[in-house]
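What follows is each chain in one-letter form.
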Amino acid sequence: MFDTLSERLRKTLGNLSGRGRVTEADVDAAMREIRLSLLEADVNFKVVKDFVANVREKAVGAEVLQSLNAGQQVVKIVNDELVALLGAGDRTFHLQGNPAVVALVGLQGSGKTTSAAKLARYLVKQGRRPLLVAADPYRPAAADQLETLGRSLDIPVHRAPPGTPVVDIARGGLDAARRLVRDTVILDTAGRLTIDEELMAEIADVSAAVKPVETLLVVDAMTGQEAVAVAEAFKDAVPLTGLILTKIDGDARGGAALSISAVTGLAVKFMGTGEKTDALEVFHPDRLAGRILGMGDVMTLVERAQEHVDADQAAKAEEKLRKGQFTLEDFLEQIQAVQKMGPMGQLMSMIPGMGGMAKQAQEAVDRGELKRVEAMIRSMTPRERREPALINGSRRRRIAAGSGTVTSDVNRLIKQHAELQKLMKQLSGGGRKAALGAITGRR
Ligand SMILES: Nc1nc2c(ncn2[C@@H]2O[C@H](COP(=O)(O)OP(=O)(O)OP(=O)(O)O)[C@@H](O)[C@H]2O)c(=O)[nH]1
Ligand SMILES: [Mg+2]
């Protein structure tokens, strides 16, 4: 979502930090660029105005410009201001009460049901015992959707016959939670196409009846500034405690995500980064700022790896790499493991210094390059995977035919694998520096 903005900001800040001396005019030029970048990313104009004014004041006011690393200090000021902008409001996720009640509200299709399931999965990981409640009395299909998600996660779902008043469903959910010894109730409420009084009254009734400790508004980041307007309207009508911003993985310009907290004063507590139930992130403003400014987000990357990668398997792969015994079979395993961690472009943007390659990497994946590599390795015999040296001309033709590729693709894969082997031998032998040079010198 932040690709274009990120690219532009990185360029502007790169120019600045590369300078020996920074003058007030340099700062002003950079601020003009940043202002334009933010406006084009659809950030609320008032938010942009304040942001640029704050950065400028801090950069020009103090002794920053006299210092030797003035450029870097200005970059740091931009980063700090961005963190402040993203992090407005109280981000604590409260779970007091037994059961603790969390209500999800929002417009139709914003991602309430999906987010309810994601949140339940997240809570199970925290050691809690959630119960999902289908608090949509109008569409039986809505309850079916939640039930399917609940079943796939092994989390119980409470539902009531169609037409049951929503307040009764919510109360029934609390009873069910006590009966089933569940400590958290997640209410998935019905959405409407527009903000209407009936919807607001219904949410207010549920709030009064079961007193949720969290009432989170689910907003679709793809709708841009409309999302900000929706949040403002809901905030005036019901007691919201925070936001879940969904579809951050989409290709909207990101302005909503950047302005919504600053405009409404409501904290973003979680973000949805994909359709699957594991695609939910606790919102960390500093990490998102790092990703946007191309400084990476190592913390999230490590957490993703911890969640998805088997530590033993990873250690074994590393050992093999070091010994130069990393076969194509291991290569295939690693490709699969990394893909479980998330879309390639997202992962690349979390690695410091690699942000600039995120788009290319994702495009390569979208073109099916990883799939082709997988198909080629699958078309090899186990022995060929272990000893690629065996793969002669006729075998190459067979592998290409079996995987729907051409022999030059197979050649390239085998060559890349051989290069990787060589590189790793250099890395584990004393020639670490030379090998790193070889890596960074490429491309
Ligand atoms: N890419 C992406 N898709 C999402 C995300 N969250 C939800 N979706 C998709 O958005 C669509 C609507 O999601 P739902 O969870 O059904 O939305 P809802 O708010 O419950 O909709 P109603 O109950 O009809 O009001 C589905 O196709 C979801 O898969 C997200 O974070 N990323
Ligand atoms: Mg729904």
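About the thresholds
- Residues numbered from 1 in each chain as written.
- Chains lettered and ligands numbered in written order.
- Predicted model: local features only at pLDDT ≥ 70, side-chain atom pairs only at ≥ 80, totals over all residues.
- Heavy atoms only, no water.
- Axes fitted to C-alpha atoms, helices over the stretch in contact; angles between N-to-C directions.
- Helix = DSSP H or I, 4+ residues; strand = E, 2+ residues; numbered from the N terminus.
- Parallel < 35°, antiparallel > 145°, perpendicular 65-115°, else oblique.
- Left-handed = near helix turned anticlockwise from the far one by under 90°.
- Contact = heavy atoms within 4.5 Å.
- Nonpolar A, V, L, I, M, F, W, Y, C, P; charged D, E, K, R; others polar.
- Pairing = 2+ DSSP bridges.
- Buried < 20%, exposed > 50% of the residue type's maximum accessible area, 1.4 Å probe, protein only.
- Salt bridge = Lys/Arg side-chain N within 4 Å of Asp/Glu carboxyl O.
- Near = heavy atom within 4 Å.
- Polar contact = N/O pair within 3.5 Å; in protein donor to acceptor, adjacent residues only side chain to side chain.

A. Looking closely at the packing of helix α7 (residues 166–179) against helix α8 (residues 197–210). Where α7 meets α8, the axes come as close as 9 Å, and the angle between the chain directions of the two elements is 30 degrees. Taken as axis vectors, α7 and α8 run roughly parallel relative to one another. Considering the relative orientation of α7 and α8, their crossing is right-handed. Counting all contacts with α7, which are made through V166, V167, A170, R171 and L174, the residues of α8 involved are E202, D205, V206, A209 and V210. Here the contact of α7 with α8 is built from residues that sort into seven nonpolar, no polar and three charged.

B. Structural detail: the sheet that holds strand β5 (residues 214–220). Strands sit in the order β3-β2-β4-β1-β5-β6-β7-β8 across an open sheet of eight strands; the sheet is mixed. Of all strands in the sheet, those with a lone pairing partner are β3 (157–158) and β8 (280–282), marking the two edges. Here six bridges tie strand β2 (residues 130–135) to strand β4 (residues 184–189), and the two strands are oriented parallel to one another. Note on β4: the bridge partner recorded for A134 is D188. Across the face of the sheet, helix α6 (residues 140–153) comes into contact with β2, β3 and β4 while running at roughly 165 degrees to β2.

C. Broad picture of helix α11 (residues 285–292). Most of α11 is tucked away, with seven of its eight residues classed as buried. Along α11, the residues classified as buried are P285, R287, L288, A289, G290, R291 and I292.

D. Fine view of the pattern of salt bridges. A full pass over the atoms with the stated rule returns 19 salt bridges. Salt-bridge contacts for E369 lead to R367; the nearest nitrogen and oxygen are separated by 2.9 Å. Assessed through its relative accessible area of 33%, E369 is described here as partly exposed. For R367, a relative accessible area of 51% translates into the label exposed. Through salt bridges with shared partners, a single ionic network connects E24, D28 and R56.

E. Focus on the site of ligand 1. Around ligand 1 lies a shell of 18 residues, among which G111, K112, T113, T114 and D249 are the nearest. Between ligand 1 and the protein, one listed contact pairs an oxygen atom with a side-chain N or O atom of R139 at 3.0 Å. Residue classes in the shell around ligand 1 are distributed as one nonpolar, 11 polar and six charged.

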